[in-house]
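Results of the structural survey
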Amino acid sequence: MGVIQDYDDFVQVHGILLASSGLPSSLYPQLFEKLAGDVFDAGSFFQIEACEGGRQRRLKLSCSTGIQKHSHVFLVDHAWSFRLTEARKQLEIYNSKFTNNYGYWAVGFCGGLFGFDKPYEYPNVSQALQELKDVDLSNRGAHKLSPMVFNERVLPNLSSLNLKGNPLDADSISSLLEVLNSLPSLQILEVDVPGPLGRSASKIAEALRNLAKLNGVDASQILEEDQQYVVNNLKPRLITCSKEEPLVERVLHAMWAYIMTYRLASEEKLDETPIWYVMDELGSALRHNDEPNFMVSPFMYLPDGTLDSAISYTLLWPIQDIYEGEECTRDYLRGIGEDRQRSSRLNAWFHTPREFFDQAYKIHEQRLKGTVQKPLYTAYCPRTSILPNDGPPISVYTDIPHVLEYLKRHEFLLIDKPHKATIIWTGFQVDEVFKEAVGLQAHQYVNQFPFEACLVMKHYLAQTIQQGCGAPNWLPTTYNLESQLPALIGDFNQRAEKGENNFWILKPWNMARTIDTTITESLPAIIRLMETGPKICQKYIETPALFQGRKFDLRYIVLLRSIQPLEIFLSDVFWARLANHRYTLEESSLSDYETHFTVMNYRGKMNHIDTHVFVSDFEKEHRVSWLEIHSRVRVMLRSIFEAAPALYPKMHCPKARAIYGVDVMLDNSFQPKLLEVTYCPDCTRACKYDVQNFENGELIKGNEFFNDVFGCLFLNESHHVSPL
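Below is a summary of the structure that appears in this document. Because the structure is a prediction, the values reported are computed rather than measured.

1. Section: the overall build of the protein
When helices and strands are counted, the protein shows 23 helices and 31 strands. Within the protein, the proportion of its 724 residues that are buried is 50%. Of all intrachain contacts in the protein linking residues separated by at least 6 positions in sequence, the fraction that spans at least 24 positions is 69%. Counting every atom, the protein has about 34100 Å² of accessible surface; 49% of that belongs to carbon and sulfur. Across the protein, the centroid of the 71 positively charged side chains sits 5 Å from that of the 90 negatively charged ones.

Following this line, the structure appears as structure tokens:
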């Protein structure tokens, strides 16, 4: 589809987007007209006013005739769009200070001509500035108004200028007024009073002949009443912060009351990382009501019919009849009822009674403390090699590149027909659909156990440990946000009351590579992040053991040969994964991937260290015995793989064999902490690097890794593995 030519084209291209928005179809033609004509007419229907002592704003209908249900749709612009990991960097740029030599580009950036989504492409920057009508220079630390930029030739159409928070002390009052008077279209001015233009608002209004509004007040009214109208530079939002706190930090704390989110998707894939955005001033003034009179929904307009041409808006339309003077509201949790913890989620915006959450936390703790690990039933079932005596080699089908490359033993034969293979070793989920598609039979071995989701999905893993072991010290405090939010809020509140550390890490149930993973100490952030998909919330290990000042974790490989009896082995091959930057809990570091995360296979620079070197250097640095640490890890691993089949005995399957990656961190007392269990783990390092056994010094060749794995699982061997 090419450029949108008419209404029929619009509906054809945007049909799915329109349906998902919830906008009544009767408003589609009106929406098309406004999008095609870039019509923002909400200002003719609404007005914004301060409330809550100036700490909030609300939106009221100013249209004298009122508006009826489903009669209008309004376009709301997005003032700021960002991915969460980039929020701080963007704000630091937005809040950057001007030098004495600032010029065209700086003013163009503040006017929205250039930015992250609008790269500089103008051959003549000064000519480009002629388009500007509104420039916000607030809090830029400017010491002067450069005549090179602020003149009739460069800014002939500038009608609105915000100068608040700038000292402007390099020029006299008369010089500043002269520059401002040279701008023929300037009608709206925001400036500190008292400030660089003087102490009297009436004198400023009198000196600037064309001015219609000063600090939001009609200039004529200021002249009539001769009042000073002292206006604070920053209006506080309902958030606790100190005046000394940098502006960037205040925005990052306050934004959770305003931001909304969506994900981009194409026919090929869904974007893994959500986009957050702040609606413009009008949209952000919509307050919450359980029975709202307006509805909002993000909408992506594709004028060229492609995602590359996309422009994001929020649609606003009435869902009740509304009359002049009524407040316009929306439901912050549209479509979310008590079955999805609505009352608890409102904590992101409102203070709610604590008693309910304290009680939920108390019940949760009592349940964990009352858990006793269930004994594991183990029927006697001796395992023998599946290789027939004097028979042909065992046929193996695999789609794992490292198995294809490194499985070289004569006992195994790689083939490309899965339905003819004895062993299926795949990265895909072997469900009924897969079995039917490739023609698998009951006699074939697969590298997956039934119900293994109880280990490899993060929320089920936490549930398995909590139900099977209670609250072992090796499992960080963990909550499933989809069902345990009240208990988390109670825990969070009690920690805050005691002045304890309240850093938490949020992880999606079933995503790898730390996608959509966030570290925060903000309860509103925790609650709002539920909107981007189901997650667990886990107490962040704020005092980890460090290696030369950096965080690290350990990847262990566990081989599961049988459930009944339980036959599990630990590979002698394990490795450390290192963060690239020195560890700190400074708030500004929380979004720095290379400080707080260690998986550098897909981003950042991977700094590999040989395991025996790491162990030796770690022992010297911390004066500890790695053998003791290793023993504690082994006990933990055994407990994990005992708990799962005790709770889910149907995991037993005589035709299943599998390996799992178990990621472990050490705290500063060198106690292991479980991070996650991974199905069909990435074993690149195991195959790429030779490893020296830290206990006996034996050299284990990387190219033998999968030979040893298959030997253990299918031939009952124990080369370079040890039973747990």
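2. Side note on the pairing of strand 15 (residues 327-330)
One ladder, built from two bridges, connects strand 2 (residues 56-61) with strand 15; its direction is antiparallel. From the neighbouring strand, L59 faces strand 15, where its bridge partner is C328.

3. Observations concerning the packing of helix 3 (residues 87-94) against helix 9 (residues 247-254)
As a packed pair, helix 3 and helix 9 sit with axes 9 Å apart at the nearest point and diverge in direction by 135°. Between helix 3 and helix 9, the interaxial angle falls into the category oblique. With respect to the hand of their crossing, helix 3 and helix 9 are arranged in right-handed fashion. Between helix 3 and helix 9, the residues in contact are A87, R88, L91 and E92 and V248, E249, V251 and L252, respectively.

4. Here we look at the pattern of salt bridges
In this structure the tally under the stated criterion is 30 salt bridges. Between K34 and D41 there is a salt bridge, with its nearest N and O atoms 3.0 Å apart. Classification of K34 as buried rests on a relative accessible area of 7%. Residue class for D41 comes out buried when judged on its relative accessible area of 19%. Between E676 and K458 there is a salt bridge, with the nearest N and O atoms lying 3.7 Å from each other. You can see E676 sitting in strand 28 (residues 672-679) and its partner K458 sitting in helix 16 (residues 458-469), a full 218 residues away along the chain. Beyond isolated ion pairs, a larger network of salt bridges with shared partners links D553, R555, R577 and D663.

5. Comments concerning the packing of aromatic side chains
Tallied over the full model, the rule gives 34 aromatic pairs. Ring centres of F705 and F706 lie 5.1 Å apart, and the angle between their planes is 80°; this geometry places the pair in the edge-to-face category. Accessibility classification places F705 together with F706 in one group, the buried group. Taken together, the aromatic side chains of F547, F552, Y556, F574, F614, F618, W626, F670 and F694 make up a single cluster linked through ring pairs.

6. Looking at unusual backbone geometry
Of note, the bond from Q564 into P565 is cis; its omega dihedral lies within 30 degrees of zero at 0°. Structurally, the position occupied by P565 is in the loop between strand 24 (550-562) and strand 25 (567-571). Phi at D38 is positive, roughly 55°, even though this residue is not glycine. Secondary-structure assignment places D38 in the loop between helix 2 (28-37) and strand 1 (46-51). One non-glycine residue with positive phi stands out, namely F670, at about 65°.

7. Some thoughts on helix 9
Every buried residue belonging to helix 9 is among V248, E249, L252 and A254, and all of these are buried. Packing partners of the buried residues in helix 9 comprise helix 3.

8. Quick look at the pairing of strand 21 (residues 504-508)
Most of strand 21 is tucked away: five of the five residues are buried. Going residue by residue along strand 21, you find W504, L506 and P508 tucked away on one face and I505 and K507 tucked away on the opposite face as well. As paired elements, strand 21 and strand 22 (residues 518-520) share three bridges and run antiparallel to each other. The partner of I505 across the bridge, within strand 22, is I519. Relative to strand 23 (residues 535-539), strand 21 runs antiparallel, the two being bridged by five bridges. Bridge pairing in strand 23 links I505 to Q538.

9. Examining the sheet that holds strand 14 (residues 311-318)
Neighbouring strands of a sheet are bound in pairs by backbone hydrogen bonds; such pairs are parallel or else antiparallel. Read across the sheet, three strands follow the order 3-14-13 without closing on themselves; strand pairing throughout is antiparallel. Edge positions in the sheet fall to strand 3 (74-76) and strand 13 (294-301), since each has one partner strand and no second. With direction set aside, neighbouring strand axes in the sheet form an average angle of 35°. Where helix 1 (residues 7-21) meets the sheet, it contacts strand 13 and strand 14, and its direction lies at approximately 145° from that of strand 13.

10. With respect to the side chain of D667
Mapped onto the elements, D667 comes out in the loop between strand 27 (658-666) and strand 28. One polar contact links the side chain of D667 to the main-chain amide nitrogen of S669, over a distance of 2.8 Å. A polar atom in the side chain of D667 sits 2.9 Å from the backbone nitrogen of Q671.

11. Brief notes about the sheet that holds strand 21
One open sheet accounts for four strands, arranged 20-23-21-22; its pairing is antiparallel. Among the strands making up the open sheet, the edge pair consists of strand 20 (478-480) and strand 22. For this sheet, the mean angle separating the axes of adjacent strands, direction not counted, is 20°. In this sheet, strand 23 lies alongside strand 20 in antiparallel orientation, the contact comprising three bridges. Looking across to strand 23, one finds that T478 is bridged to Q538. Against the sheet, helix 16 makes contact with strand 20, strand 21 and strand 23, and its axis sits at roughly 120° relative to strand 20, the strand it touches most.

12. So, the layout of surface pockets
Of the voids in this model, the second largest pocket is the one considered here, and its volume is about 1400 Å³. Surrounding the second largest pocket, 48 residues form its lining, S20, T261, Y262, R263 and P298 being those nearest its centre. Of all the secondary-structure elements, those providing two or more residues to the lining of the second largest pocket are helix 1, strand 10 (260-262), strand 13 and strand 14. Considering every element that reaches the lining of the second largest pocket, the biggest residue donor is helix 1, with eight residues.

13. Considerations on helix 17 (residues 485-498)
For helix 17, which comprises 14 residues, the first-to-last C-alpha distance of 20 Å matches the rise-based estimate of 20 Å (1.5 Å per residue) to within 8%. With 10 of its 14 residues buried, helix 17 lies for the most part within the structure. Among all positions of helix 17, only L485, P486, A487, L488, I489, G490, D491, F492, N493 and R495 are buried. Among the structural elements, helix 11 (342-345), helix 12 (355-369), strand 20, strand 21, helix 18 (523-528) and strand 23 are those in contact with the buried residues of helix 17. Of the residues trailing helix 17, G499 is marked for its positive phi of about 75°.

What counts and what doesn't
Residues numbered from 1 in each chain as written. Predicted model: local features only at pLDDT ≥ 70, side-chain atom pairs only at ≥ 80, totals over all residues. Heavy atoms only, no water. Helix = DSSP H or I, 4+ residues; strand = E, 2+ residues; numbered from the N terminus. Buried < 20%, exposed > 50% of the residue type's maximum accessible area, 1.4 Å probe, protein only. Contact = heavy atoms within 4.5 Å. Areas by Shrake-Rupley, 256 points an atom, 1.4 Å probe, with all protein chains shown as cover. Lys, Arg positive; Asp, Glu negative; His and termini not counted. Charge placed at Lys NZ, Arg CZ, Asp CG, Glu CD. Pairing = 2+ DSSP bridges. Axes fitted to C-alpha atoms, helices over the stretch in contact; angles between N-to-C directions. Parallel < 35°, antiparallel > 145°, perpendicular 65-115°, else oblique. Left-handed = near helix turned anticlockwise from the far one by under 90°. Salt bridge = Lys/Arg side-chain N within 4 Å of Asp/Glu carboxyl O. Phe/Tyr/Trp six-rings, centres within 6.5 Å; stacked < 30°, edge-to-face > 60°. Polar contact = N/O pair within 3.5 Å; in protein donor to acceptor, adjacent residues only side chain to side chain. 1 Å grid on protein atoms, 1.4 Å probe; cavity = no way out; pocket = protein on both sides within 12 Å on 5 of 7 lines; lining within 4 Å. Points joined across faces, edges and corners; volume = space filled by probe spheres on them. Expected span 1.5 Å × (residues − 1).

Function-wise, these values are silent; they only describe arrangement.
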